[in-house]
Amino acid sequence: MSFSRIALACAASCTLAAGSAAASWRPVPGAPEVEIQLGSMQLERTRVVVWLRWWGRHPLVPEPAVPGARQARVHRTALRTEFDCSQRTTRMLAANAYDSAGAALSMASTAGPLRPVEGSDMGWAYDAVCEAARAERRL
């Protein structure tokens with residue numbers, strides 16, 4: 001096989017992979033400022049784990065460890081979130097904050113406390129995630 005054919009095959013597969021990765025984030029119905037990464041959904045009985053992302057800093061993202069230290073502005077937040085569809089509760093499993101260039105500003109992987117679903121954005125996300133899980137007939 002010639003070098004040009006190999007390069008063409010690699011370019012095509014890389015384009016397809018990048019396109020599918022970019023296409024996996026979808027707005028949550030009712031809360032278009034919140035996006036869900038469809039390919040990240042994991043189901044276990046009544047619990048569903050999924051990545052969600054918002055513009056700006058989400059309240060569940062930990063504050064900087066050094067109070068008063070000048071931090072770069074958080075442009076986007078991604079939360080690994082667990083929903084219990086039978087109890088209407090949620091908890092953060094991981095949180096990542098990014099600047100406007102997409103560079104990671106902070107990453108936390110300590111699971112947060114179990115909380116009732118609160119707020120309209122989280123309520124819409126809960127409904128969308130649990131409905132998707134029910135549609136898969138796994139709940």
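Here, the structure is the one placed above.
Residues numbered from 1 in each chain as written. Predicted model: local features only at pLDDT ≥ 70, side-chain atom pairs only at ≥ 80, totals over all residues. Heavy atoms only, no water.

(A) Just the packing of aromatic side chains, in detail. Summed over all chains, the structure comprises one aromatic pair. When the ring of Phe83 is compared with that of Tyr126, the centres are 6.0 Å apart and the planes differ by 65°; the resulting orientation is edge-to-face. Residue Phe83 is located in strand E5 (residues 76-84), and its partner Tyr126 is located in helix H2 (residues 120-135); the two are separated by 43 residues in the primary sequence. Across the pair, Tyr126 and Phe83 agree in class, each one buried. The side chain of Arg53 reaches across the aromatic face of Trp25, ending 4.2 Å from its centre. Taking the ring centre of Trp55 as reference, the NZ or CZ of Arg76 above it sits at 3.6 Å. (Phe/Tyr/Trp six-rings, centres within 6.5 Å; stacked < 30°, edge-to-face > 60°. Helix = DSSP H or I, 4+ residues; strand = E, 2+ residues; numbered from the N terminus. Buried < 20%, exposed > 50% of the residue type's maximum accessible area, 1.4 Å probe, protein only. Lys NZ or Arg CZ within 6 Å of the ring centre and 35° of its normal.)

(B) Representation of the pairing of strand E2 (residues 31-37) within the structure. With four bridges joining them, strand E1 (residues 25-28) and E2 adopt antiparallel strand pairing. The partner of Val28 across the bridge, within E2, is Ala31. Here E2 pairs with strand E4 (residues 47-55) via two bridges, running antiparallel. Considered in E4, the bridge of Ile36 is made with Leu52. (Pairing = 2+ DSSP bridges.)

(C) Main features of the pattern of salt bridges. Following the criterion strictly, the structure yields six salt bridges and no others. Between Glu82 and Arg91 there is a salt bridge, with the nearest N and O atoms lying 2.8 Å from each other. Looking at Arg91, the relative accessible area reads 26%, which means it is partly exposed. Ionic contacts of the salt-bridge type, sharing partners, join the residues Glu44, Arg47, Glu82 and Arg91 into one network. (Salt bridge = Lys/Arg side-chain N within 4 Å of Asp/Glu carboxyl O.)

(D) Representation of the nonpolar core within the structure. With 20 residues, the main nonpolar core has Leu52 and Phe83 as its most contacted residues. Those elements that provide at least two residues to this core are E2, E4, E5, strand E6 (89-98) and H2. If you tally residues by element for this core, the top one is H2, at six residues. Residues contacting Leu52, with those up to four places away along its chain left out, are Trp25, Glu35, Ile36, Thr77, Ala78, Leu79, Thr81, Phe83, Met122 and Ala125. (Core = buried A, V, L, I, M, F, W, Y, C linked by side-chain atoms within 4.5 Å. Contact = heavy atoms within 4.5 Å.)

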